[in-house]
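Read off the chains here:
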Amino acid sequence: MATIDGRPAQYGISLKQLRELMEHRGREGVGKLSEFGGVSVLCDKLYTSVNDGLRGSSADIEHRRETFGSNIIPPKPPKTFFTLVWEALQDVTLIILEVAALVSLGLSFYKPEDEDADVLQEEGDHHGWIEGLAILISVIVVVFVTAFNDYSKERQFRGLQNRIEGEHKFSVIRGGEVRQISVGEIVVGDIAQVKYGDLLPADGILIQSNDLKVDESSLTGESDHVKKGIDVDPMVLSGTHVMEGSGKMVVTAVGVNSQAGIIFTLLGAADVEQEAEKKKRKKGTEGNVTVNNMRMSPPTDSIKVESDGNHVQQTTSAEEPSHKKEKSVLQAKLTKLAIQIGYAGSTIALLTVIILVIQFCVKTFVIEEKPWKNIYANNLVKHLIIGVTVLVVAVPEGLPLAVTLSLAYSVKKMMKDNNLVRHLDACETMGNATSICSDKTGTLTTNRMTVVQSYICEKLCKVLPTLNDIPQHVGDMITLGISVNSAYTSNIMPGHNPGDLPIQVGNKTECALLGFVEALGVKYQSIRDQITEDKFTRVYTFNSVRKSMGTVIPRPNGGYRLFAKGASEIMLKKCSFIYGHDGSLEKFTADMQERLIREVIEPMACDGLRTISVAYRDFVPGKAAISEVPIDGEPNWDDEESIMSNLTCLCVVGIEDPVRPEVPDAIRKCQRAGITVRMVTGDNINTARSIATKCGILRPNEDFLILEGKEFNRRIRDSNGDVQQHLLDKVWPKLRVLARSSPTDKYTLVKGIIDSKVSENREVVAVTGDGTNDGPALKKADVGFAMGIAGTDVAKEASDIILTDDNFSSIVKAVMWGRNVYDSIAKFLQFQLTVNVVAVIVAFIGACAVQDSPLKAVQMLWVNLIMDTLASLALATEMPTPDLLLRKPYGRTKPLISRTMMKNILGQGIYQLFIIFGLLFVGDALLDIESGRGQDLGAGPTQHFTIIFNTFVMMTMFNEINARKIHGQRNVLEGLFTNPIFYTIWIFTMISQVLIIQYGKAAFFTKALSLDQWLWCIFFGIGTLVWGQIITSVPTRKLPKILSWGRGQPEEYTDAMQLGEELSSMDSNKKPRAAQILWIRGLTRLQTQLRVVRAFRSTLEDMNERRSVHSLRSQNSPYPSNPLYNANLLSPQQSQYLNKK
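Residues numbered from 1 in each chain as written. Predicted model: local features only at pLDDT ≥ 70, side-chain atom pairs only at ≥ 80, totals over all residues. Heavy atoms only, no water.

Colleague: Just to check I follow, could you spell out the overall build of the chain for this structure?
Modeller: If you tally the helices and strands in the chain, you get 41 helices and 29 strands. A buried classification covers 57% of the 1141 residues belonging to the chain. Working note: accessible area of the chain is about 48000 Å², and carbon and sulfur atoms make up 57% of it. (Helix = DSSP H or I, 4+ residues; strand = E, 2+ residues; numbered from the N terminus. Buried < 20%, exposed > 50% of the residue type's maximum accessible area, 1.4 Å probe, protein only. Areas by Shrake-Rupley, 256 points an atom, 1.4 Å probe, with all protein chains shown as cover.)

Here you go:
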């Protein structure tokens, strides 16, 4: 018989049987398990030991993977670059643009059979094909830029996902030792330790459990927590969260065979094979695949599934999507700005076309009284292209690229600063944060706890006692109580190198107590080896309501012993006895309690120590001593209140958790940056006050509030117990420390600050959390920070950013990066809008006054495509500087375009318009060159208009240097050479411009310039830097507030977005809308859409109408069903526009 690692290769149970077993729930599951002989027989069949787990040999592990599968759900293979290129080409507006370009090319080679066609016209046709070709090339560039953006974004997100998944570790027992292994390494037969806050990585059956409650909403959609136990419901499932208690399970299904994996497979997210099966299912060749006894709702946040066009990804609650949408204030303001610019651009473009067509018609048909000829169609197309040129310039299509680049660049850099960003928009929101609600333990403190003071047998020790200093029976009881009544997942491991501090694994408070036992000279592990977890009668696990933990074990001589530990003031109220001098048992009176709190606990707390009391109680059959409870049968363990009363106090210990050395400085930086830091902790008020003072949260001579949870609730609730915003508004502005608070208090405080309208700019709140119960507050906050080391999986799932080093100073770095993102986008806006304003006015007035735009369509494509993309790259990659932390945060209602920025935009706009119109109307006389005004339709390029184009580009280039500063700083060159991307792009653009002017000829409609003419162009360009200094001298405060844009409540912006999204989502299944998708896809197409619709329709007049209309219809038909169109190719407002059309 074949053997693996000394055991038979054939398991006693098959994969199919295990899968069937895991489909049962509750009592049915208990019954089904008993058919197999119970969990211990099941472990034997899987060749695993209940106490020692698997042997852990590589041969055994590999064989289990081959037989039962590995714990990895294969992701969909990433799309190749060419797939993304093909998808980008499917965009309806691009298809129409391609057709329009081909029609334009066709028209250029089409010679009308018209006798009167003059020679000039034929010469014009000679270069007519360039326009069409230029449009085709621009389409190719747009497609490749879009595909490359998507490709790099997908790669980055996969890298991010792998990083998050790679950090997910789980405790299993192998070879009798507890090991932390990556979830991907878990195999069937592993014995896993399950504890509060875990996200379960595989299906299993409980071997032993204490008070275990699981949130199965990610699988069943039911929000109630499900009680788990060997006799109640032993099946625990992957993808579910442990909300309370602890336990031990044997893993029975992993990867695609687990319940979460089955759902993945059903949703087609597993692998390519499933795609084929899914197609068969669609045709009805297979029966419906169902999972017995299991209501399935599509996975929520805890199981990330990509929508594949056939399935809609749903979220946990109706509130969730709107909450996420509200998050990015910047996104909302930018959407509104883009739409407004789009409308303004469309209006001006339409006016331009109307004015040009009327001028042409009046001049040709009324004044000159000429009859209609086919060649006049070309004139109309030319006018239409000028109108489209205006629109092309009006829409800032580089903006979405700037946003994406800036965010992606920042996210990459933030990883090095220990910030793992899970949601892109959190990065930018953090820059606006006005308030941070921080945990104490682990965030502000080192989370390396040690017992430094103790009170045993009425003796207070400021140094640790030895076992000889304590009466033997009391010492034995303390060491036994601490060793047994701590989660067995909490351990102290020796350091990696000799001389290193021991490594604390698990709950740090319990590790401190276990360290105290070791310091007394007792090995806690030897006690645990004697009293294993399966010998426990009952465990009352620690939770935020109890603030204590209790474990009941059998006594050697019959009966039971309860050990309890918890927060001192709570535990002492439950104690009726205490050990006095020499270990004699004494009554613990109310006076003694008060004296102990006053003389021992309060001084410890004022030193910043966390105080913990350890107590016990005996339940004995027959005759009992005064402190014992006589029992006949087994006590009613569910009556927790009576069980946890009349305890005997063994000791009180003071645990020190020192403040992280870098925290006081980080908090000072936050306060200087205008951010209020509040501490929200479950600790004693005196401990909290002491730590808050050490950190610098409480500053002398400052008016602040320190409240306990009870007092906080009394102040903010009305007589009916409901939270009232106006009452909360009286408390939160001065509140700095909230002690003895529950997770509900934390959530109430965060929600209250976010909803409050007391402060002028509305608060933006960041929250840190590590516990399962912090989930609601982390989700509600504008930015939720979870602890990467101490944080539970539940907290990480609810967060936006994971702090990989659990350090508060990393939050300060996040603030800096967030402000940098906001500033980068503002810099780009300032630069972009100046270009837009000037170009639109030049094109519009040029068209009206000279019947031609001084800036040609192909030149616009250069300015737009190349300079927008390059400028966004240059301005979006500036590194943050410490100066960013010297100004106040923007808050929610600060304008997107400040008065300083508007002053710069308008000031530079006036200068550039003055120069360009000067050159347009008198430049030919001043520079002694041939005028380009009033040229015929087919005339070639002139030096006059080339100088105008070149001067415009030069002024734009030098204004890009001005745009680097948005807060009115004079030295615009400061830090210029610290950003190699900026100056490399600037030099590259300059070289490209020289080549275009000197060698562009007909393709770019330019004529080579002499050195003198180049010097004039550069002179006007450098003038923008000098003019910038003059603008800076104008005091901003004197300007009217109406000059700022984007002021007001964020709801004004987000409501408009949501309305559009609701309308556009009625008829389509969509992937979740992320900020950058809306931008990259929607806004970049806005100018193309109108340009295409008009250009295409005008050129159609010269083509066979019926055929053309048919082709237009065929292009339009994919709208509702095309998944790409559905996946955010157009913004909601654009969808409405096109649907109307």
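Resuming the write-up.
Colleague: What exactly am I supposed to notice about a nonpolar patch on the surface here?
Modeller: On the surface, a nonpolar cluster with roughly 540 Å² of combined accessible area is contributed by L350, I354, I358, V362, V366 and I367. Counting through the fold element by element, V362 comes out in helix α13 (residues 329-367). Given the relative accessible area of 37%, V362 is considered partly exposed. (Patch = residues over 30% accessible without salt bridge, like charges linked within 9 Å, V, L, I, M, F, W, Y side chains within 5 Å. Salt bridge = Lys/Arg side-chain N within 4 Å of Asp/Glu carboxyl O.)

Colleague: Please clarify how helix α24 (residues 685-695) should be interpreted in this entry.
Modeller: Residue pairs spaced three or four apart in an α-helix point in one direction, given the helix's 3.6 residues per turn. For α24, a buried count of eight out of eleven residues is recorded, marking the element as mostly surrounded by other parts of the structure. Along α24, the residues that are buried comprise I685, N686, T687, A688, S690, I691, A692 and C695. For α24, the secondary structure elements touched by its buried residues are α21 (590-606), β21 (609-621), α23 (663-672), β24 (676-680), β25 (705-708) and β26 (735-739). The N-cap of α24, judged by a side-chain oxygen 2.6 Å from the amide nitrogen of N686 a few residues on, is N684. Residue G696 follows α24 closely and has a positive phi angle near 95°. (Contact = heavy atoms within 4.5 Å. Polar contact = N/O pair within 3.5 Å; in protein donor to acceptor, adjacent residues only side chain to side chain.)

Colleague: Which parts of the structure should I look at to understand the environment of A624?
Modeller: Mapped onto the elements, A624 comes out in the loop between β21 and β22 (629-631). You can call A624 partly exposed: its relative accessible area is 29%. Once you skip the residues sitting within four places of it in the chain, A624 turns out to touch V629 and P630.

Colleague: Help me understand the sheet that holds strand β27 (residues 765-769) in this model?
Modeller: To summarise the sheet geometry, strands pair through backbone hydrogen bonds and adopt either a parallel or an antiparallel arrangement. Pairing is mixed across the open sheet formed by eight strands, whose spatial order is β10-β29-β28-β27-β11-β24-β26-β25. Bordering the open sheet on either side are β10 (419-421) and β25, each of which pairs with just one other strand. Neighbour-to-neighbour, the strand axes of this sheet turn through a mean angle of 20°, independent of strand direction. (Pairing = 2+ DSSP bridges. Axes fitted to C-alpha atoms, helices over the stretch in contact; angles between N-to-C directions.)

Colleague: Help me understand the nonpolar core, please; the structure alone is not making it clear to me.
Modeller: Counting residues in hydrophobic clusters, the biggest one holds 65 residues, and the most contacted among them are M430, F785, F808 and I897. The element contributing the most residues to this core is helix α30 (residues 808-850), with 13 residues. If we skip the residues at most four places from it in the chain, F785 touches N419, M430, A766, V767, T768, G769, L778, S799, I801, L803, I811 and A814. Formed by 47 residues, the second largest nonpolar core is a distinct cluster that contains V838, L855, L976 and F1020. (Core = buried A, V, L, I, M, F, W, Y, C linked by side-chain atoms within 4.5 Å.)

Colleague: Would you explain the environment of W1016 in this entry?
Modeller: Residue placement: W1016 occurs in helix α36 (residues 1011-1033). By relative accessible area, W1016 is classed as partly exposed at 41%.

Colleague: Hey, could you run me through the pairing of strand β5 (residues 191-195) in this one?
Modeller: Successive side chains on a regular strand alternate, one facing one side of the sheet and the next facing the other. Counting buried positions along β5 gives four out of five residues, so the element sits mostly inside the fold. Pairing between strand β3 (residues 169-174) and β5: two bridges, direction antiparallel. Opposite V172, over in β5, you have A192 as the bridge partner. As judged from the five bridges shared by β5 and strand β9 (residues 241-253), these two strands associate in the antiparallel manner. Residue pairing across strands places A192 opposite M249, the latter belonging to β9.

Colleague: What should I look at first to understand unusual backbone geometry in this one?
Modeller: Glycine aside, the phi torsion of most residues is negative, and most peptide linkages are trans. Of note, the phi angle at Y47 is positive, near 55°, even though the residue is not glycine. Turning to its location among the elements, Y47 is positioned in the loop between α3 (39-45) and α4 (58-68). Y47 gets classed as partly exposed once you look at its relative accessible area, which sits at 29%. Not every positive phi belongs to a glycine, and N646 is a case in point at roughly 50°. By relative accessible area, which is 38% here, N646 ends up partly exposed.

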